[in-house]
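Overview (structure and organization)
So the chains spell out like this:
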Amino acid sequence: MTLAELAPIQEGSAIRNDVPMVYHLGAPHTDNDQLTRSLKKDSELLTKNGILPQRQRRYRKRLNDMLLELSGEMAPASLQEKNFATLTENQNLDRLVFSDSKFLGVSSWMLNKGILFKNAGPKTTALRNLFPDNPCEFFLAIMNPATLIPCAFSAQTSREYDDFIGDTDLNSVCWSDVVSRIQRANPDCPITVWCNEDTPIIWPSILARFTGLAADTRFLGELDVIQNLLPENAFLKLKQYLDEKSELNELQRRQVRGIFLEKFGVSDAVEEEIDLPGWTDSLVEKITEMYEDDIERISRMPGVKFICP
């Protein structure tokens, strides 16, 4: 079955080229669909503002079908119109948002040929080409490779470690290279980046930026991430304090979240010891230092909106 058969054109439908297409790229193991779950709580707010809270099962299959059929090529106008009508459910929307940690590729191949997400450029261009005449934005959470690589390897079963790691130089794995490849392939697409490690503190800012709503928008899911890192009594105190101090702006609320996390936060529960061939404490420290330098590099990149705590 072709996409044309899956998405029959509906009489009177027409694509609106002023509607931004917004793609949350993950990265893998940084979100676990939390963005979608949090936004679902505010479906009424989003709908009121012309943002359709998409059903994942529905749009992920649709986008995957579109990507397979086009193989990176630009979608013809007729196909754009058909798929636009289907994705928007013929509603008058102002922003389409999508989230899938597999947009950049599956975890088992994240170090293909020793390069972190080697195909980030063509994969994001393929997304951009689904609706080439519409504005397009990309969102990306990055994670310390010293944490991400062991996590990604443990989460897959298709490759042995030597095959998974290949000829990767662990001392040169850089997210800035990934961001640069996305930028070069899509020079007209803004990119928003943040560190997964900062997500509990900056979560409301991520939600606001992703939806295009005002920075001081209050989201029902604004404490979803930090809730998992605080004991229940501390979380309830934080929630009560923020509810009572409704006059605080987002920067002040961010500071409060940071104080609670520092004082009461459960540090990644029990840190698992990395048991991978050749991984030593000194290697982990070196990768972490490089990651910190890389964060600074990304935060200064033109065309990148970096959300920092």
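In what follows, the structure referred to is the one given above.
Described below are features of the structure shown in this document. As the structure is a computational prediction, the values presented were derived from the model and not from experiment. (Residues numbered from 1 in each chain as written. Predicted model: local features only at pLDDT ≥ 70, side-chain atom pairs only at ≥ 80, totals over all residues. Heavy atoms only, no water.)

This brings us to the environment of Phe98. Tracing the chain through its elements places Phe98 in strand β2 (residues 96-99). Residues Phe98 and Met21 lie 77 residues apart in sequence; the distance between their C-alpha atoms is 7.9 Å. (Helix = DSSP H or I, 4+ residues; strand = E, 2+ residues; numbered from the N terminus.)

Let us look at the pairing of strand β3 (residues 136-142). Judged by how many residues are buried, β3 sits mostly within the fold: seven of seven residues are covered. Side chains of β3 alternate between two faces, with Cys136, Phe138, Leu140 and Ile142 and Glu137, Phe139 and Ala141 buried alike. Two strands pair when backbone bridges link them, and strand β1 (residues 21-24) and β3 are joined in this way by four bridges, in the parallel orientation. Each bridged residue has a counterpart across the sheet, and for Tyr23 the counterpart in β3 is Phe138. Relative to strand β4 (residues 191-195), β3 is paired through five bridges, and the arrangement is parallel. Considered in β4, the bridge of Ala141 is made with Trp194. (Buried < 20%, exposed > 50% of the residue type's maximum accessible area, 1.4 Å probe, protein only. Pairing = 2+ DSSP bridges.)

Pairing in this open sheet of five strands is parallel, and the strands run β2-β1-β3-β4-β5 from one edge to the other. Both edges of this open sheet fall to β2 and β5 (304-307), since each of them pairs with a single strand only. Across the sheet, the axes of successive neighbouring strands diverge by a mean angle of 20°, strand direction being ignored. Two strands pair when backbone bridges link them, and β1 and β2 are joined in this way by four bridges, in the parallel orientation. In the sheet register, Tyr23 faces β2, and the bridge partner there is Phe98. (Axes fitted to C-alpha atoms, helices over the stretch in contact; angles between N-to-C directions.)

On the surface, Glu273, Asp275, Asp281, Glu285, Glu289, Glu292 and Asp293 cluster together into a negatively charged patch. Note on placement: Asp281 falls in helix α14 (residues 281-299). On the accessibility criterion, Asp281 (65% relative accessible area) is exposed. (Patch = residues over 30% accessible without salt bridge, like charges linked within 9 Å, V, L, I, M, F, W, Y side chains within 5 Å. Areas by Shrake-Rupley, 256 points an atom, 1.4 Å probe, with all protein chains shown as cover. Salt bridge = Lys/Arg side-chain N within 4 Å of Asp/Glu carboxyl O. Lys, Arg positive; Asp, Glu negative; His and termini not counted. Charge placed at Lys NZ, Arg CZ, Asp CG, Glu CD.)

Right, let's talk about the nonpolar core for a bit. Formed by 60 residues in total, the largest nonpolar core has its most connected members in Tyr23 and Trp175. Residues contacting Trp175, with those up to four places away along its chain left out, are Ala27, Leu116, Phe117, Leu140, Ile142, Met143, Pro145, Leu148, Tyr291, Asp294 and Ile298. Counting 20 residues, the second-largest nonpolar core is a separate cluster that includes Val97, Trp194, Ala208 and Leu213. (Core = buried A, V, L, I, M, F, W, Y, C linked by side-chain atoms within 4.5 Å. Contact = heavy atoms within 4.5 Å.)

Turning our attention to the side chain of Asp42. Relative to the assigned elements, Asp42 resides in the loop between α2 (34-40) and α3 (43-48). One buried charge, Asp42, has no salt-bridge partner; the nearest side chain with opposite charge is Lys41, at 8.3 Å. Here Leu220 takes part through its backbone nitrogen, which lies 2.8 Å from a polar atom of the side chain of Asp42. Ignoring anything within four residues of it in the chain, the contact list for Asp42 reads Phe219, Leu220 and Gly221. (Polar contact = N/O pair within 3.5 Å; in protein donor to acceptor, adjacent residues only side chain to side chain.)

What follows concerns the pairing of β4. Burial within β4 is extensive, with five of its five residues counted as buried. Alternating positions in β4 separate into two faces, Ile191, Val193 and Cys195 on one and Thr192 and Trp194 on the other, with burial throughout. Two strands pair when backbone bridges link them, and β4 and β5 are joined in this way by four bridges, in the parallel orientation. Within β5, the residue paired with Trp194 across the bridge is Ile307.

Taken as a whole and judged by the stated rule, the model has 11 aromatic pairs. With centroids separated by 5.2 Å and ring planes inclined at 70°, the aromatic side chains of Tyr59 and Phe98 adopt a geometry described as edge-to-face. Of the two residues, Tyr59 sits in helix α4 (residues 56-70) while Phe98 sits in strand β2, which places them 39 residues apart along the sequence. Like Phe98, Tyr59 is buried. Here the aromatic residues Tyr23, Tyr59, Phe98, Phe103 and Phe138 are joined through ring pairs into a cluster of three or more. If you follow Arg159 out to its NZ or CZ, it ends over the ring of Trp109, 3.6 Å from the centre. (Phe/Tyr/Trp six-rings, centres within 6.5 Å; stacked < 30°, edge-to-face > 60°. Lys NZ or Arg CZ within 6 Å of the ring centre and 35° of its normal.)

Turning our attention to the packing of helix α12 (residues 232-244) against helix α13 (residues 250-264). Where α12 contacts α13, the axes come no closer than 11 Å and their chain directions differ by 165°. In this view, α12 runs roughly antiparallel relative to α13, as classed from their interaxial angle. Judged by the twist between their axes, the crossing of α12 over α13 is right-handed. For the pair α12 and α13, contact is made by Ala234, Lys237, Leu238, Tyr241 and Leu242 and by Arg253, Val256, Arg257, Phe260 and Phe264, respectively. Here the contact of α12 with α13 is built from residues that sort into seven nonpolar, no polar and three charged. (Parallel < 35°, antiparallel > 145°, perpendicular 65-115°, else oblique. Left-handed = near helix turned anticlockwise from the far one by under 90°. Nonpolar A, V, L, I, M, F, W, Y, C, P; charged D, E, K, R; others polar.)

That is the geometry; function is a separate question.
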